[in-house]
Amino acid sequence: MSVGYDHIDLAACKKRNIAVGYTPGVLTDATAELAVALLLATSRRLIEGASAVKSGQWGSWSPLWMCGPGLLNSTVGIVGLGRIGLAIARRLRPFNVSRVLYTGRQPKDSAKEVSAEFVGLDTLLAESDFVVVSCAITPETTALFDRKRFAQMKRSAMFVNISRGAVVVQEDLVDALKNGVIRAAGLDVCTPEPLPVDSPLLALPNCVVLPHIGSAAEETRAVMSVMTAKNILAAFNNQPMPAQVKSPCLLNTSY
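Cut-offs used in this document
Residues numbered from 1 in each chain as written. Predicted model: local features only at pLDDT ≥ 70, side-chain atom pairs only at ≥ 80, totals over all residues. Heavy atoms only, no water. Helix = DSSP H or I, 4+ residues; strand = E, 2+ residues; numbered from the N terminus. Buried < 20%, exposed > 50% of the residue type's maximum accessible area, 1.4 Å probe, protein only. UniProt positions renumbered as here; feature names shortened; annotations may be inferred. Pairing = 2+ DSSP bridges. Axes fitted to C-alpha atoms, helices over the stretch in contact; angles between N-to-C directions. Contact = heavy atoms within 4.5 Å. Core = buried A, V, L, I, M, F, W, Y, C linked by side-chain atoms within 4.5 Å.

Comments concerning the environment of phenylalanine 150
In this structure, phenylalanine 150 sits in helix H6 (residues 147–152). By relative accessible area, phenylalanine 150 is classed as buried at 0%. With 24 residues separating them in the primary sequence, phenylalanine 150 and alanine 126 have C-alpha atoms 9.7 Å apart.

Digging into the UniProt feature "domain: D-isomer specific 2-hydroxyacid dehydrogenase catalytic" (unreviewed entry) in the chain
Using the residue numbers shown here, the UniProt feature "domain: D-isomer specific 2-hydroxyacid dehydrogenase catalytic" (unreviewed entry) corresponds to residues 1–245. End-to-end, the C-alpha atoms of residues 1–245 are 12 Å apart, and along that stretch the chain is 33% helix and 11% strand.

Description of the sheet that holds strand S6 (residues 184–187)
Pairing is parallel across the open sheet formed by seven strands, whose spatial order is S3-S2-S1-S4-S5-S6-S7. On the outer flanks of this sheet lie strand S3 (116–118) and strand S7 (207–209), each paired with one strand and no other. With strand direction ignored, the average angle separating the axes of adjacent strands in the sheet is 15°. Summarising the sheet, strand S4 (residues 130–133) and strand S5 (residues 158–161) pair through four bridges and their orientation is parallel. Each bridged residue has a counterpart across the sheet, and for valine 133 the counterpart in S5 is asparagine 161. Running over the sheet, helix H7 (residues 170–178) touches S5, S6 and S7 and is turned about 140° from S6.

Points about the nonpolar core
By size, the foremost hydrophobic cluster in this structure holds 29 residues, and its most contacted members are Phe145, Phe150, Phe159, Leu173 and Leu201. If you list the elements that add at least two residues to this core, you get helix H5 (121–127), S4, H7 and S6. Per-element accounting of this core gives the leading share, four residues, to H7. Apart from residues no more than four positions distant in its own chain, phenylalanine 159 is found in contact with Val131, Val133, Phe145, Phe150, Met153, Val168, Leu173, Ile182, Ala184, Ala185, Gly186 and Leu187. Counting residues in hydrophobic clusters, the runner-up holds 28 residues, among them Leu81, Ala111, Ile162 and Ala184.

Right under this line is the structure:
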């Protein structure tokens, strides 16, 4: 009951003649909403602020207390302008960001809709105030964000990851946040999941970690449930699943 299937050993499934169903194309909007919410929660320090209220730190007004950068006139870099990346860019337009940059294998016609500029990853990291990762996990993107990549970013930059935890070398992210290489991070994905409560990430005031809830809109999960049920029923009736993984590993799999 997910769109991602990187956690499934497809070769082992083929060996055992097991078809694999998934739930593609239904969680784009929910995940894009969550990405923008996480971006705002990180930049405007919402979790810190709520915790300060509960712990009694809210005192008299102070000009710079709990200040964070706004989206107005900022440059947002999106790594992976697929369905979700494009949906994120659409939702950022009303915030009057100055520029939307994106990177990937090649330019996309759909980028014109949101006036996004295609650039190389080096340029995106150097010029973005906010870096949002929404790419698929592949051999090329695994461990893409490491010590070198964080060092290319502005010291004031915010890093948001809603793709997969494996895109990030987590130890390098911790070091970057501790040492001021980047300003803050917001994560809906991490390694491992669930994240242990003693993870160094959770001790950092400039890191917001959510429990992988990108698709956790009630309407989205309901549609995912129905798709999964239809896949199961089709399998029991020796029929192709309505939403079946078509990986090369499984092309010859039958019921």
